[in-house]
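What follows is the residue order along each chain.
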Amino acid sequence: MLVDYLVEDNKNVTAKEYMGIFGNPIKHTLSPVIHDTLSEAFGIDAKYVPYQIPVEKLDAAVKEAYTNGMLGLNITVPFKQQVMESLVDIDPAARAIGAVNTLVRGAGGFVGYNTDMPGLARAIASEGLKLQNSKVILLGAGGAARAVAYMCLKYGANKVYIINRTFENAKKLADDMNACFMCEKMIPVSAADYKMIPKDSYFMLQCTSIGLHENDGLPLIDDVSFYEMASAGVDLIYNPAKTPFLCLLKKLGIPCMNGLKMLLYQGIMAYELWTGKEVSDTLSEKVYRNLCKKIYGDKIVLIGYMGVGKTTIGKHISEEYGYKFIDTDALIEQNFNMKIPDIFEKYGEMRFREMETELLRTLTTKNENYVISTGGGLPLREENQKLLKKLGKVYYLQADADTIYSRVKGDKSRPLLDCEDPYNKICSMLAIRDPKYRSVADECIDVTQNTPAEIASKIIQNN
Ligand code: NDP
């Protein structure tokens, strides 16, 4: 019985409809985050559950899932090829790739699709990167690389060099794809011969498993000048968030991304196939944030004008709910061993704003639960707005000028209020900043009505 293979924590889950994933092992799958967030957003009473299927039971399990009315299934390692024998039909792209990761209900049984391939294409487009007419270097020739190679030709790459440790695997992949698209655009290269690739600008797709482990180095080619040929790069690995390949590209100033958005969009596209729904960019962003939370840790970001209680509320969240607390102003003072008024005086406001940006960048790489209280001017910089969104859910703590003035008057540690008429300065600054804070915030919270503890609890419940 299928129910016997349900992963332990899901035995008591109840819903009107079910979706699921078959794999082995499967316990640590992130897919429920994607699909349950989507069902909740669309108001669909459905749950997504993982099944650890014994290899010899796959065929029976697929058929039972169909008979039971399962809305849709994902298939993962080690079943992406084996499952093809249990289907009534297979989408031509999935057949050419040789792997199925999504089963959709058809007449008399499931039909197989591969959403890894268009999922990665959608992830690349969502980052403003372009494959069309590009020259590509594909590192790796395993299962994932097959979907990526197919995607390159389908989305208009001009030429694709495939470099792999085992040349025969690269050659087989190139031959298969050239035959499938009736072209000669795929060229296999053994890792030792990488210098035969002409000096040019390439979209680099890292599809080996090198980078998964702590002591891993660069994939296949240990030569920085090779990676300098990248115009953009994707590493399919998403945990760790930054592999040596991505770190190098970042250092070289080359736009790049990890594989988490590929995971996101393969899931979204499966969900769209199962339900006929269209997932908007805004909803995709929400799902992405939930995925990041699950893998890299949860981050709560507090923004707003001085005196609204960002530090006090942040500390409540930290103490009551176990998040690490960061006050960006305090951390900058600590890092530079200087008070903010002195930083302003010695280096100027612009340099201070740069320090804030550098700090935000560092925080985006931390995989822990943080509550971050930001300096009042920090969200005004466009660069910082993007980083804040990337960090986590942003809460604008909001108060009127009178309340703020009553809280901060006479506070000499605030250089911006060191003037003749601080009240008027607060009014005029607030008038400019309020719309900007609102545009960055995911949620606005009036802090004049409740205690810091009540506000902290509200934020935790909403996050
Ligand atoms: P496979 O095992 O099918 O292929 C592994 C690839 O890495 C092969 O090209 C293999 O070369 C190469 N490789 C492995 N170890 C070494 C090594 N020590 N030195 C040189 N080359 C090596 O794995 P997949 O294709 O399924 O997955 C590859 C990566 O992609 C994984 O890290 C996985 O996490 C990631 N992935 C991400 C997805 C996402 O949604 N973001 C989806 C699927 C995969 P060779 O042919 O010589 O053995």
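**What about the domain arrangement of the chain?**
Here the domain parsing of the chain yields domain 1 (2-113 + 277-286), domain 2 (130-254) and domain 3 (297-462). Summarising the inter-unit geometry, the C-alpha centres of domain 2 and domain 3 are found 42 Å apart.

**What about the pattern of salt bridges?**
Taken as a whole, this structure holds 20 salt bridges when the rule is applied. One salt bridge in this structure joins Glu127 and Lys261, with 2.8 Å as the shortest N-O distance. Here Glu127, found in the loop between helix 4 (116-126) and strand 7 (135-139), pairs with Lys261, found in helix 9 (residues 260-275); they are 134 residues apart in sequence, far enough to count as distant. For Lys261, a relative accessible area of 16% gives the class buried. The shortest N-O distance in the salt bridge between Asp434 and Arg438 comes to 2.9 Å.

**Let's talk about the nonpolar core**
Counting 65 residues, the largest nonpolar core has Met151 and Leu205 as the members making the most contacts within it. The biggest single contributor to this core is helix 9, with nine residues. Lining this core are residues from two domains, each supplying at least three of them: domain 1 (2-113 + 277-286) and domain 2 (130-254). Contact partners of Leu205, with chain neighbours within four places excluded, come to Leu120, Ile124, Val136, Ile137, Leu138, Leu139, Val148, Met151, Cys152 and Val234.

Cut-offs used in this document
Residues numbered from 1 in each chain as written. Predicted model: local features only at pLDDT ≥ 70, side-chain atom pairs only at ≥ 80, totals over all residues. Heavy atoms only, no water. Domains from an automatic or database assignment. Salt bridge = Lys/Arg side-chain N within 4 Å of Asp/Glu carboxyl O. Helix = DSSP H or I, 4+ residues; strand = E, 2+ residues; numbered from the N terminus. Buried < 20%, exposed > 50% of the residue type's maximum accessible area, 1.4 Å probe, protein only. Core = buried A, V, L, I, M, F, W, Y, C linked by side-chain atoms within 4.5 Å. Contact = heavy atoms within 4.5 Å.

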